[in-house]
Amino acid sequence: MGFVMKKSFILMMVAMSSLFFLACEEEAVPVPLPPMPPQAPAEDVAEIPPAPEPVAAAPQPPSPPPPSMPPPPSLPPPPPPPSQAPPKMAMALNEDAGQLKSGRYTIQVGVVPDESAAKGLVKKMAANGIKAYYVDVSNPDKLYGLYYRVRVGFFNSKFAAEDFAKSRLEPIGYKWWVDLSRNDTVGNSVAAAPSAKPASPSSADSELEEAKRAYKEIAKEATKAK
């Protein structure tokens, strides 16, 4: 009996639900939609005008150049520096510094009693790039007899001869003195004169010994040159 009552109750609930659903459908009223506006024909659409082209700006006139400034006044040239030596002295130092074919001055480097020794000394000078020559002379200086002077020439001034001797002769060990080239063959004529007073034996012996020593030294240098 209880099962029958539950079944009857479920059927009754279903029937009531159906009635309620049908009542809701009858009360719903459709709402009409608003009418659509009419569309304009395609040929009546207004065309959008193109954008105007940009107008070029007017050229500006060139700006005037700045006023030119006058150039600065030119300064006078500086005075030349003072020379280290007087003009005549400087000219003499630079005049004919090398050897010449002829000139007023010459340099003596030795005097020997033997011609072969003189030739050897001239040859040794030539090996060092120095032009030398020898001349025979009677009674040179304090010597007696025939001797040979070995000299280096020529120069137009005494300063040029001294400069050459200091730069070329002293570095290779030669003693020197400057003389006039016209004195190449000038000897001591007074010592050779018959009326001249003979030298004392002691003085003559000492001078002879000195001449021998000088000859041995020059002969030794000439032998080395060979």
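Residues numbered from 1 in each chain as written. Predicted model: local features only at pLDDT ≥ 70, side-chain atom pairs only at ≥ 80, totals over all residues. Heavy atoms only, no water.

Within the protein one finds 6 helices and 4 strands. Mapped from its N terminus to its C terminus, the protein presents α and β elements in the order α-α-β-α-β-β-α-β-α-α. The buried share among the 226 residues of the protein stands at 21%. Contacts spanning at least 24 positions in sequence make up 75% of the contacts within the protein whose residues lie at least 6 apart. If you sum the accessible surface of the protein, you get close to 18,200 Å²; carbon and sulfur atoms cover 64% of it. (Helix = DSSP H or I, 4+ residues; strand = E, 2+ residues; numbered from the N terminus. Buried < 20%, exposed > 50% of the residue type's maximum accessible area, 1.4 Å probe, protein only. Contact = heavy atoms within 4.5 Å. Areas by Shrake-Rupley, 256 points an atom, 1.4 Å probe, with all protein chains shown as cover.)

This brings us to the packing of aromatic side chains. All chains considered together, the criterion is met by 3 aromatic pairs. Plain terms: the ring middles of Phe155 and Phe164 are 5.3 Å apart, the flat faces sit at 50 degrees to each other, and that makes the pair tilted. We note that Phe155, like Phe164, is buried. (Phe/Tyr/Trp six-rings, centres within 6.5 Å; stacked < 30°, edge-to-face > 60°.)

Attention now moves to the pattern of salt bridges. Tallying each qualifying case throughout the model produces 2 salt bridges. Residues Asp179 and Arg151 are paired through a salt bridge, measuring 2.8 Å at the closest nitrogen-oxygen approach. With Asp179 in strand β4 (residues 177-180) and Arg151 in strand β3 (residues 146-155), the pair connects residues that are 28 residues apart, well separated along the chain. Residues Asp179 and Arg151 agree in their burial class; the two are buried. (Salt bridge = Lys/Arg side-chain N within 4 Å of Asp/Glu carboxyl O.)

On average, residues of the protein score 73 in pLDDT, and 50% of them reach the 70 mark or higher. Counting interchain partners and residues more than four positions distant, the pLDDT-below-50 stretch residues 85-96 has 12 contacts. Scored below 50 in pLDDT, residues 192-202 makes 3 contacts in the model with residues more than four places away or belonging to other chains. (pLDDT = per-residue confidence, 0-100.)

Residues Phe9, Ile10, Met12, Met13, Val14 and Met16 make up a contiguous nonpolar surface patch of roughly 600 Å² in combined accessible area. Turning to its location among the elements, Met16 is positioned in helix α1 (residues 2-27). (Patch = residues over 30% accessible without salt bridge, like charges linked within 9 Å, V, L, I, M, F, W, Y side chains within 5 Å.)

With an omega of 0 degrees, the peptide bond between Gly153 and Phe154 qualifies as cis. For Phe154, the location among the structural elements is in strand β3. For Asn139, which is not glycine, the phi torsion reads 55 degrees and is therefore positive. By the secondary structure assignment, Asn139 is in the loop between β2 (132-138) and β3. Given the relative accessible area of 10%, Asn139 is considered buried. With a phi close to 55 degrees, Asp141 is a non-glycine residue in the positive phi region. Position of Asp141 relative to the elements: it lies in the loop between β2 and β3. Using a relative accessible area of 44% as the deciding quantity, one classes Asp141 as partly exposed.

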